[in-house]
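# Structural features, examined
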Amino acid sequence: MTRFLPAEDYLPSGRYELLPFRFERLDDERVLLSNMAGEALTVSSADLTTLVNGDLDRSGALFSRLRANHFLRQPEDRAALELLALKLRTRYARLRDFTSLHLFVVTLRCDHACRYCQVSRQSADRASFDMSRETADRAIDLLFRSPNQALKVEFQGGEPLLNFDLIRYVVLSITERNRQHKRDIQFVITTTLSLISDDTLAFCREHRIFLSASLDGPEDLHNANRPRPGADSHARFVAGLEKARDVLGPEAVSALMTTTAASLQRGPGIVDEYLRLGFHGIFLRHLSPYGFALKTQSYQGYDTARWLEFYEETLTYIIDLNRSGVRFTEQHAAIILRKMFSCHDPGYVDLMNPSGAGIAAIVFNYDGGVFASDESRMLMEMGDDTFRLGSVHEHGYDEIFSAPALLSALEDSFTLSAPMCADCACEPWCGADPVYHHARHGDPLGRKAESGFCQRMKGMTRIFVKAMEDPFVAALFRRWALSC
Ligand code: SF4
Ligand code: SF4
């Protein structure tokens, strides 16, 4: 274990030492401070000046808060640096486990034709767009090479239920092989629920498979976002949800929304629909700027600033619901707040540092192609195969996970050494997103001053800090942070 020089060996008595921290001006009056372990505090500009000049009153409340949160230490604080280092190690503890999430794209076929989709195929041609058993077997071999004890297997599409025979095959194969490996394995199917059947649900119950479903909001909005023959996507979702909850239990089905341009005026209505259908939270998700989403109406009039307006308005509505006694969580906030209030990383792949691409999640495409993330395969559909790490048919585990494209993207985008990120107060709760920045700016680091990802994180941070001036919101946010 690293040993640090006790401050009393070189600090004059009565002085204090600043520990490493970064700051961001919120406005003319207030400054946000954060340290490497993710501790965050808001102070006045005047207090910051006093602090760095070494003149802070040692008997004041601010001094105690800064000391308790490792922004400074006194000569007698023998363990301050060890504690800070311990928290930093905790923040990166997930790296030791390596890849947990394994996505199997079992088909590209889909019964929907969502405007923002870049991967689905309206095709009856099973051979061309379905994963074969041979491909699945090789992907399963790679899955069990992961050193992680806890593995999550997520089936994606297209609509994965169109190739349910393969899902059944993969679940049974993994379960059988796991008798020997003894991993903790969780299965999830990402589905619109439009094709859910009694047989499917019986299998899901037998193998404790969770469903992650798509709900974009009230019926008119959902159906406009998610066209299918009969314009009945929402009705099918509601019927499927009821059936699935009956068979699997209420907590086995979660829902995920996508914010299109048509959603931007509808935040409170979207939340009301989630409440009406019995959900206890929502993840306010922005649209990924890939492929068709950029070219269609889904994205028109839709920049990061507009999404942040939508986000703040909807978050305020959710806070007011809680104020009136309705318990409802905004899960995107909960993930970031968890990082702001603790040194524990909840492991959300899109907000990890180093990036979660490849090392937290890996994608096995229907044809055997292996991708660093779901966005990487969307990029491939746009003709850019930068983050295609290999093929289950041609490459072994070591070749795939040490592919130069992956390693250099992870290294180049690591926020503790990346220009701008390394000096940014939001760094401890931000993440690296080399795939997004490659897609938008042509390199894994990107130009942060023009980056929607960066603007969104800074904007959300400001929204949270402002909201927490209200003691009710500060307590609510702490509760959300503990929930994820
Ligand atoms: S349901 Fe999913 S895969 Fe199908 S078209 Fe919509 S976004 Fe694409
Ligand atoms: S991406 Fe932006 S918000 Fe995130 S750490 Fe880098 S500079 Fe800060």
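Owing to the predicted nature of the structure, the values given are computational and were not obtained by experimental measurement. (Residues numbered from 1 in each chain as written. Chains lettered and ligands numbered in written order. Predicted model: local features only at pLDDT ≥ 70, side-chain atom pairs only at ≥ 80, totals over all residues. Heavy atoms only, no water.)

## Here we look at the overall build of the protein
The number of helices and strands found in the protein is 19 helices and 15 strands. In terms of overall dimensions, the protein is globule-like: its C-alpha atoms have a radius of gyration of 24 Å, near the 23 Å expected for 484 residues. Projecting the C-alpha coordinates of the protein onto the three principal axes gives extents of approximately 75 × 50 × 40 Å. The buried share of the protein, taken over its 484 residues, is 55%. Pairs at least 24 residues apart make up 70% of the contacts formed inside the protein by residues separated by at least 6 positions. (Helix = DSSP H or I, 4+ residues; strand = E, 2+ residues; numbered from the N terminus. Rg over C-alpha atoms; globule rule 2.2 N^0.38 Å. Buried < 20%, exposed > 50% of the residue type's maximum accessible area, 1.4 Å probe, protein only. Contact = heavy atoms within 4.5 Å.)

## Quick word on the site of ligand 1
Residues in contact with ligand 1, as listed here, are Cys110, His112, Cys114, Cys117, Ser120, Gly158, Thr192 and Arg226. Class assignment for the residues of the shell around ligand 1 results in three nonpolar, four polar and one charged. (Near = heavy atom within 4 Å. Nonpolar A, V, L, I, M, F, W, Y, C, P; charged D, E, K, R; others polar.)

## What about the pattern of salt bridges?
Considering all chains together, one arrives at 27 salt bridges under this definition. Of the charged contacts, one joins Asp141 and Arg177 as a salt bridge, the two residues approaching to 2.8 Å between their closest N and O atoms. Of the two residues, Asp141 is situated in helix α5 (residues 133-143) and Arg177 in helix α6 (residues 164-181); the sequence distance between them amounts to 36 residues. A salt bridge links Arg306 to Glu309; the shortest N-O distance between them is 3.4 Å. On the criterion of helical spacing, the pair formed by Arg306 and Glu309 is a turn pair, its members being three residues apart in helix α12 (residues 304-323). With relative accessibility at 49%, the residue Glu309 sits in the partly exposed group. One salt-bridge network, held together by shared partners, links Asp111, Arg228, Asp232 and Arg236. (Salt bridge = Lys/Arg side-chain N within 4 Å of Asp/Glu carboxyl O.)

## Concerning the environment of Val247
As for its placement among the helices and strands, Val247 is situated in helix α9 (residues 233-248). Judged by its relative accessible area of 26%, Val247 falls in the partly exposed class. Along the sequence, Val247 and Thr90 sit 157 residues apart, while their C-alpha atoms lie 39 Å from each other. If near-sequence neighbours (up to four positions away) are discounted, Val247 is found in contact with Leu201 and Arg205.

## Details of the packing of aromatic side chains
Summed over all chains, the structure comprises 17 aromatic pairs. Both rings, one in Phe21 and one in Phe71, keep their centres 5.9 Å apart while their planes meet at 65°; by these two values the pair is edge-to-face. With Phe21 in strand β2 (residues 21-25) and Phe71 in the loop between α2 (61-68) and β5 (72-73), this pair connects stretches of sequence that are 50 residues apart. Counting every residue linked through ring pairs, the aromatic cluster contains Trp307, Tyr311, Phe464, Phe477 and Trp480. We note Arg168 situated over the ring of Phe203; from NZ or CZ to the ring centre the distance is 5.1 Å. Directly above the ring of Phe279 sits Arg245, whose terminal nitrogen or CZ lies 4.7 Å from the centroid. (Phe/Tyr/Trp six-rings, centres within 6.5 Å; stacked < 30°, edge-to-face > 60°. Lys NZ or Arg CZ within 6 Å of the ring centre and 35° of its normal.)

## Brief notes about the site of ligand 2
Lining the immediate surroundings of ligand 2 are Cys421, Cys424, Cys426, Glu427, Cys430, Lys448, Cys454, Met457 and Lys458. A breakdown of the residues in the shell around ligand 2 according to their chemical character gives six nonpolar, no polar and three charged.

## Some words on the environment of Tyr397
Tracing the sequence through the fold places Tyr397 in helix α15 (residues 397-401). With a relative accessible area of 10%, Tyr397 lands in the buried category.

## Some thoughts on the sheet that holds strand β13 (residues 361-364)
The strand order across the open sheet formed by eight strands is β10-β9-β8-β7-β6-β13-β14-β15, and the pairing between neighbours is mixed. On the outer flanks of this sheet lie β10 (253-256) and β15 (388-391), each paired with one strand and no other. Averaged over all adjacent pairs, the angle separating strand axes in this sheet is 25°, with direction ignored. Direction of pairing for strand β7 (residues 150-156) relative to strand β8 (residues 184-191): parallel, over a ladder of six bridges. For Phe155, the partnering residue across the bridge sits in β8 and is Ile189. (Pairing = 2+ DSSP bridges. Axes fitted to C-alpha atoms, helices over the stretch in contact; angles between N-to-C directions.)

## Overview of the domain arrangement of the protein
With domains assigned, the protein is organised as domain 1 (7-91) and domain 2 (97-400). If you look at the interface, domain 1 gives six residues, while domain 2 gives seven residues. Each partner contributes to the roughly 470 Å² buried at the junction of domain 1 and domain 2, and carbon and sulfur atoms together form 55% of this total. Of all residues in domain 1, Gly38, Thr90 and Arg91 bury the most surface against domain 2, accounting for 62% of the area lost on that side. The tally of links from domain 1 across to domain 2 stands at zero salt bridges. For the pair domain 1 and domain 2, the number of links is one residue pair in polar contact (both at pLDDT 80 or more). No other element matches helix α3 (residues 80-91), which puts three residues into the side of domain 1 that touches domain 2. Residue composition of the side of domain 1 that touches domain 2, by class: two nonpolar, two polar and two charged. (Domains from an automatic or database assignment. Buried area = accessible area lost by both parts, 1.4 Å probe. Polar contact = N/O pair within 3.5 Å; in protein donor to acceptor, adjacent residues only side chain to side chain.)

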